[in-house]
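Next come the chains, spelled out residue by residue.
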Amino acid sequence: MQYNQQEYQKYLEKKSPNSPLLKNVLFAFVIGGAICTIGQAVTDFYQTIAGLEESTARTAASITMIFFGALLTGMDVYCKIGKYAGAGTLVPITGFANSIVSPAMEFKKEGLVLGLASKMFVIAGPVLVYGITASVGVGIIYYIIRFIGG
Amino acid sequence: MQYVNAFWVGGLICAIAQVLIDKTKLTPARILVLFVVTGTVLGGLGLYDPLVRFAGAGASIPIVGFGNVLAQGVIKGVQEHGILGILTGGAEAAAGGITASIVFGFLAALIFKPKVKS
Amino acid sequence: MEKRHGRQTVGFQGDVRICAYASVAGQKEKEGPLGECFDIVMPDAEWNEETWEKTESKMQKEVLKAALRKAELKSEDLHYILAGDLLNQCIGAGFGLREMEVPFLGIYGACSTMIEGLSLGAMLIDGGFAEYAAAVTSSHFCTAERQYRMPLEYGGQRTPTAQWTVTGAGAVILAKQGAGPKVTHITTGKIMDMGVKDANNMGGAMAPAAFDTLCAHFRDLGRGPADYDLILTGDLGVIGREILIEMMEKEGYDISKNYQDCGCMIYDREKVDVHAGGSGCGCVASVLCGRILEGLRQKEWKKVLVIGTGAMLSTTSSLQGESVPGIAHAAVLSAE
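None of these values were measured; they are calculated from a predicted model.

## Some points on the domain arrangement of chain C
Residues and elements named next belong to chain C.
- One can read the domain layout of chain C as domain 1 (15–175) and domain 2 (182–334).
- Using only C-alpha atoms to locate each centre, domain 1 and domain 2 end up separated by 18 Å.
- Taken together, both faces of the contact between domain 1 and domain 2 bury some 4,100 Å²; the carbon and sulfur share is 67%.
- On the domain 1 side of the interface with domain 2, the three residues burying the most area are Tyr 21, Cys 111 and Gln 163, jointly 18% of the side's total.
- Counting every contact that joins domain 1 to domain 2 gives 1 salt bridge.
- In this structure, Lys 182 and Asp 15 form a salt bridge, with 3.5 Å as the shortest nitrogen-oxygen distance.
- Inspection of the domain 1/domain 2 interface yields 16 residue pairs in polar contact (both at pLDDT 80 or more).
- When residues of the side of domain 1 that touches domain 2 are traced back to their parent elements, those giving at least two are β3 (16–25), α1 (27–30), α4 (113–126), β7 (132–139), α5 (141–148), β8 (164–165) and β9 (168–176).
- Looking at the side of domain 1 that touches domain 2 element by element, the count peaks at 8 residues for α4.
- Of the residues contributing to the side of domain 1 that touches domain 2, the split by class is 27 nonpolar, 17 polar and 9 charged.

## Let's talk about the UniProt feature "transmembrane region" (unreviewed entry) in chain B
- This chain's UniProt record puts "transmembrane region" (unreviewed entry) on residues 6–22, 29–48, 54–71 and 83–112 of chain B.
- In residues 6–22 of chain B, helix accounts for 100% and strand for 0%; the two terminal C-alpha atoms are 24 Å from one another.

## Brief notes about the packing of helix α5 (residues 63–81) of chain B against helix α6 (residues 85–111) of chain B
All names here are of chain B.
- Close contact between α5 and α6 brings their axes to 6 Å; oriented N to C, the two are set at 135 degrees. Classed by the angle they form, the pair α5 and α6 counts as oblique. With respect to the hand of their crossing, α5 and α6 are arranged in right-handed fashion. Across the interface between the two elements, Phe 66, Val 69, Leu 70, Gly 73, Val 74, Gly 77, Val 78 and His 81 of α5 pack against Gly 85, Ile 86, Gly 89, Gly 90, Ala 91, Ala 93, Ala 94 and Ile 98 of α6.
- Residues belonging to the contact of α5 with α6 are distributed by class as follows: 10 nonpolar, 6 polar and no charged.

## Quick word on the nonpolar core
- Counting 52 residues, the largest nonpolar core has Val91(A), Phe96(A), Phe35(B), Ile63(B) and Phe66(B) as its most contacted members.
- Per element, the largest residue contribution to this core is 7 residues, and it comes from helix α6 (residues 93–106) of chain A.
- Three or more residues apiece are contributed to this core by two domains, here domain 1 (5–119) and domain 2 (121–150) of chain A.
- Sequence-distant contacts of Phe96(A), that is, excluding residues within four places in its chain, are made with Leu90(A), Ala124(A), Val127(A), Leu128(A), Ile63(B) and Ser101(B).
- Listed in part, the 50 residues of the second largest apolar core include Ala25(C), Val166(C), Ile186(C) and Trp301(C).

## Overview of the interface of chain A and chain B
- At the junction of the two partners, chain A supplies 66 residues and chain B supplies 65 residues.
- Here chain A meets chain B over a buried area of about 5,600 Å², counting both sides, of which 79% is carbon and sulfur.
- If you look at where chain A meets chain B, you find 10 residue pairs in polar contact (both at pLDDT 80 or more).
- Looking at the side of chain A that touches chain B, the elements that each hand over two or more residues are α2 (21–49), α3 (54–74), α4 (78–85), α5 (87–90), α6, α7 (112–119) and α8 (125–149) of chain A.
- If one sorts the elements of the side of chain A that touches chain B by residue count, α2(A) sits on top with 17 residues.
- When its residues are assigned to classes, the side of chain A that touches chain B shows 43 nonpolar, 15 polar and 8 charged.

## Considering a nonpolar patch on the surface
- A cluster of nonpolar side chains, namely Leu112(A), Val113(A), Leu114(A), Ile102(B), Val103(B), Phe106(B), Leu107(B), Leu110(B) and Ile111(B), defines an oily patch on the protein surface of about 840 Å² accessible area.
- Listed by contribution, the elements that provide at least two residues to the nonpolar patch are α7 of chain A together with α6 of chain B.
- By residue number, the principal contributor to the nonpolar patch is α6(B), which donates 6 residues.
- Note that Leu112(A) resides in helix α7.

## Observations regarding the side chain of Ser135(A)
- Examined against the element boundaries, Ser135(A) turns out to sit in helix α8.
- Not counting chain neighbours up to four residues away, the residues in contact with Ser135(A) comprise Thr40(B), Leu70(B), Ala71(B), Val74(B) and Gly90(B).

## Here we look at the environment of Gly240(C)
Residue and element names in this part refer to chain C.
- In this fold, Gly 240 is placed in helix α7 (residues 237–250).
- Taking the relative accessible area as the measure of exposure, Gly 240 reaches 0% and is therefore buried.
- Leaving out residues up to four positions away in the same chain, Gly 240 has contacts with Gly 203, Gly 204 and Ala 207.

## Considerations on the pairing of strand β15 (residues 326–334) of chain C
Residues and elements named next belong to chain C.
- Counting buried positions along β15 gives 9 out of 9 residues, so the element sits mostly inside the fold.
- With burial as the criterion, each face of β15 is covered, one bearing Gly 326, Ala 328, Ala 330, Val 332 and Ser 334 and the other bearing Ile 327, His 329, Ala 331 and Leu 333.
- Note: strand β10 (residues 182–187) against β15, 5 bridges, orientation antiparallel. Residue pairing for β15: Thr 187 is matched across the bridge by Ala 330.
- Sheet topology places strand β14 (residues 303–311) next to β15; 9 bridges connect them, and they run antiparallel.

So, how was this worked out
- Residues numbered from 1 in each chain as written.
- Chains lettered and ligands numbered in written order.
- Predicted model: local features only at pLDDT ≥ 70, side-chain atom pairs only at ≥ 80, totals over all residues.
- Heavy atoms only, no water.
- Domains from an automatic or database assignment.
- Buried area = accessible area lost by both parts, 1.4 Å probe.
- Salt bridge = Lys/Arg side-chain N within 4 Å of Asp/Glu carboxyl O.
- Polar contact = N/O pair within 3.5 Å; in protein donor to acceptor, adjacent residues only side chain to side chain.
- Helix = DSSP H or I, 4+ residues; strand = E, 2+ residues; numbered from the N terminus.
- Nonpolar A, V, L, I, M, F, W, Y, C, P; charged D, E, K, R; others polar.
- UniProt positions renumbered as here; feature names shortened; annotations may be inferred.
- Axes fitted to C-alpha atoms, helices over the stretch in contact; angles between N-to-C directions.
- Parallel < 35°, antiparallel > 145°, perpendicular 65-115°, else oblique.
- Left-handed = near helix turned anticlockwise from the far one by under 90°.
- Contact = heavy atoms within 4.5 Å.
- Core = buried A, V, L, I, M, F, W, Y, C linked by side-chain atoms within 4.5 Å.
- Buried < 20%, exposed > 50% of the residue type's maximum accessible area, 1.4 Å probe, protein only.
- Patch = residues over 30% accessible without salt bridge, like charges linked within 9 Å, V, L, I, M, F, W, Y side chains within 5 Å.
- Areas by Shrake-Rupley, 256 points an atom, 1.4 Å probe, with all protein chains shown as cover.
- Pairing = 2+ DSSP bridges.

Given below as structure tokens:
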């Protein structure tokens, strides 16, 4: 063999084209920014027109965005935007909805219980596991500080 | 101007994630975990709320904002319920988002069929 | 005369012929440069089946039936079927071919399965163990995607090195003498692992295996690139193909003039977004059975060396941080 493993991996890396970083980042910025701007408009709608207080309006806006994320995923639109947007559709809460709906749809054929339902969180599950665990960590630290501080 | 701030802050958070995807070996799933934990930590330190006040949905709609909601919730939980709040606070604050994801996800999966990409 | 040549190659003394062959392809493949070559084009990804796994099984069944029709044979004339696919436990072949009532040998060589089946079938024929044997394989974009990657509706991005799983199938019927292209030699590859861990760069992971098998083939038979009108690899894609050319050149073989890769041939990369090209068992199977064997039959080429390339990974091995071992099997097809 002409190369050992390390040499070959280096050679392969050189031969493999990189992702078009500038284009990807630009698309992620614009589309991600646009989704957040829509989220802001929805928040404002709940605050000014529906008269909700700020934090409730934010929760309502998140839920609305989750709804649209789920709907666009079902309508075969979200993945088409995601192809260009990359992290721009991944990071907003709509992407969380996409990561729940897409496996649920995909595995519906394996049944409503062991397919749809059990596969629902294959992608999004880690976010909940680590997010909630981290929040418990925050809670413990906060509790101790309060306890010491009296 | 809230809309401008929402746009560029939200866009920037997504752009950082994109750089991490393209430049490191981190998979999207790992980046989401990293972001939500970062949001929880920043929220716990009280550093994320100022960003939410500045950028509105630009800070609350990205998954980092979800981490912040969890942290704010757990702090409120401890204040109101003491030690029990450590376990109930985070999920309580995130309950709307989680339940909405499950229910909308369930309904969407019932109604729609996946299509082949072309 | 010895049947064995060197370490990895076998030469057939008798007349092993591919008496019939057939191919199935999907819509995206039909739109490609080889679109006119396939026997059966599926109307859509489902092909009237409830699940994509059922569709893939149907592809195996229909492609074998089409080949049998062309050979004017019935399934009971076959002594063996050698078939496999990419799905866990090879359910595409197992379910698709269950009603054929032919002794069945399930095989797995990842995307090299077509040439593995052809090699084993040719040995069965030449050994006098069968009059007729069939080799069948398939892949389907949707079944592969859900098993190896992400749900279809997930909004993810592909890397430029990723390849697109071909929706296609191929079947060959091997016979002791008769008409049709002749199988003269096979070279069975070794598993080659260069420690590549990126499951989205399979061409790069498989290229060393193709290189190793190609060198072994030349060494075992004392041949070179000029002995073939066409050297064909299965699914190295754009990146793997380039690596193979460079590595062969370093070894003193110039294959740049008569070498092609099925993964580069099957799609028009200018028009459709398939990144580094096609992949999957169905890639080499549909191109071989749709285009290459027909070209041999019409004497467009006299001698073709076809090399099936496979990446022996699974989702479990990927998650556990294992590398992607490659495999490559070669067969010499002659128009004489």
